[in-house]
Amino acid sequence: MKIIIGSDHAGYPMKEKVTVHLRELGLQVEDIGTYSEEAVDYTDFGKKVARKVSDGTFDRGILICGTGLGMSMVANRFRGVRAALANDLFSAIMSRRHNDSNIMVMGGRLIGDTLAFQLVDTWLETPFEGGRHQRRLEKMDIE
Ligand code: RB5
């Protein structure tokens, strides 16, 4: 599984730790920045990740900003992207089971690192249930 990760300055400290965590698990992770706590626009980094998931270059994306809200809004404008804001375990699990989320978004100012690792691990391991949920996904895009 090819994973792409990005953040703004507010998500930067957590993004660094999550990237190390995923690489320690042996996963292939492309980190597109930001690379410091200098203020940047979350929109620029959200777009970079969402574009590469939308076009199929990467299977999954992870985005981190302060709350996770702005990154979710940006990512979900891309066709084929299903970005889930998951600052809790139930949302992370259900976003995979029912929504086949392909980008997970977290709020670096809302949750701790240990929870972030648990969320990412669970999100990567949880399968999509398909069936009636597939039919619903197919109705998501605006005609
Ligand atoms: C940056 O201050 C903050 O607005 C951003 O990280 C994010 O939370 C936006 O939704």
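It should be emphasised that the depicted structure is a prediction, and the values quoted were computed from it without experimental measurement. (Residues numbered from 1 in each chain as written. Predicted model: local features only at pLDDT ≥ 70, side-chain atom pairs only at ≥ 80, totals over all residues. Heavy atoms only, no water.)

### Examining the site of the ligand
Residues in close proximity to the ligand include D8, H9, A10, Y42, C65, G66, T67, G70 and R109, which together make up its full environment. G66 is positioned with one of its backbone polar atoms (N or O) 2.8 Å from an oxygen atom of the ligand. Contacts to the ligand include T67, whose backbone N or O atom sits 3.0 Å from an oxygen atom. For the ligand, whose free accessible area comes to 290 Å², the fraction covered by protein is 71%. (Near = heavy atom within 4 Å. Polar contact = N/O pair within 3.5 Å; in protein donor to acceptor, adjacent residues only side chain to side chain. Areas by Shrake-Rupley, 256 points an atom, 1.4 Å probe, with all protein chains shown as cover.)

### What about the environment of H133?
With respect to the secondary-structure elements, H133 resides in helix α6 (residues 132-138). In the structure, H133 is positioned 15 residues away from Q118 in sequence and 25 Å away in space, judged by C-alpha atoms. Not counting residues within four places of it along the chain, the set of residues in contact with H133 comprises R97, H98 and F128. (Helix = DSSP H or I, 4+ residues; strand = E, 2+ residues; numbered from the N terminus. Contact = heavy atoms within 4.5 Å.)

### Topic: helix α4 (residues 89-97)
Of all the positions in α4, only A92, M94, S95 and R96 are classed as buried. Among the structural elements, β3 (60-65), β4 (83-85), β5 (103-107) and α5 (113-125) are those in contact with the buried residues of α4. (Buried < 20%, exposed > 50% of the residue type's maximum accessible area, 1.4 Å probe, protein only.)

### Let's talk about unusual backbone geometry
Backbone torsion omega between G33 and T34 reads 5°, so that peptide bond is classified as cis. For T34, the location among the structural elements is in the loop between β2 (28-31) and α2 (42-54). The phi dihedral of D100 falls on the positive side, at around 50°, and the residue is not glycine. Position of D100 relative to the elements: it lies in the loop between α4 and β5.

### Here's the deal with a nonpolar patch on the surface
A surface patch of nonpolar side chains, amounting to about 280 Å² of accessible area, comprises L69, M73 and L85. If you trace the backbone, L85 turns up in strand β4. For L85, a relative accessible area of 31% puts it in the partly exposed group. (Patch = residues over 30% accessible without salt bridge, like charges linked within 9 Å, V, L, I, M, F, W, Y side chains within 5 Å. Salt bridge = Lys/Arg side-chain N within 4 Å of Asp/Glu carboxyl O.)

### Observations concerning the packing of helix α1 (residues 12-24) against α5
The interhelical angle for the contact between α1 and α5, taken along N-to-C directions, is 50°, at an axis separation of 10 Å. Between α1 and α5, the angle is such that the two are oblique. Of the two elements, α1 crosses α5, and the hand of that crossing is right-handed. Within the contact between the two elements, α1 uses M14, K17, V18, H21 and L22 and α5 uses D113, A116, F117, V120, D121 and L124. (Axes fitted to C-alpha atoms, helices over the stretch in contact; angles between N-to-C directions. Parallel < 35°, antiparallel > 145°, perpendicular 65-115°, else oblique. Left-handed = near helix turned anticlockwise from the far one by under 90°.)

### Here we look at the pairing of β3
Burial within β3 is extensive, with six of its six residues counted as buried. By the alternation rule, side chains of β3 split into R60, I62 and I64 and G61, L63 and C65, which are all buried. Examined bridge by bridge, strand β1 (residues 2-7) and β3 share five bridges and lie parallel to one another. Bridged to G6 within β3 is L63. Bridge analysis of β3 against β5 gives five bridges, and the strand direction is parallel. The residue bridging G61 from the neighbouring strand is I103, located in β5. (Pairing = 2+ DSSP bridges.)

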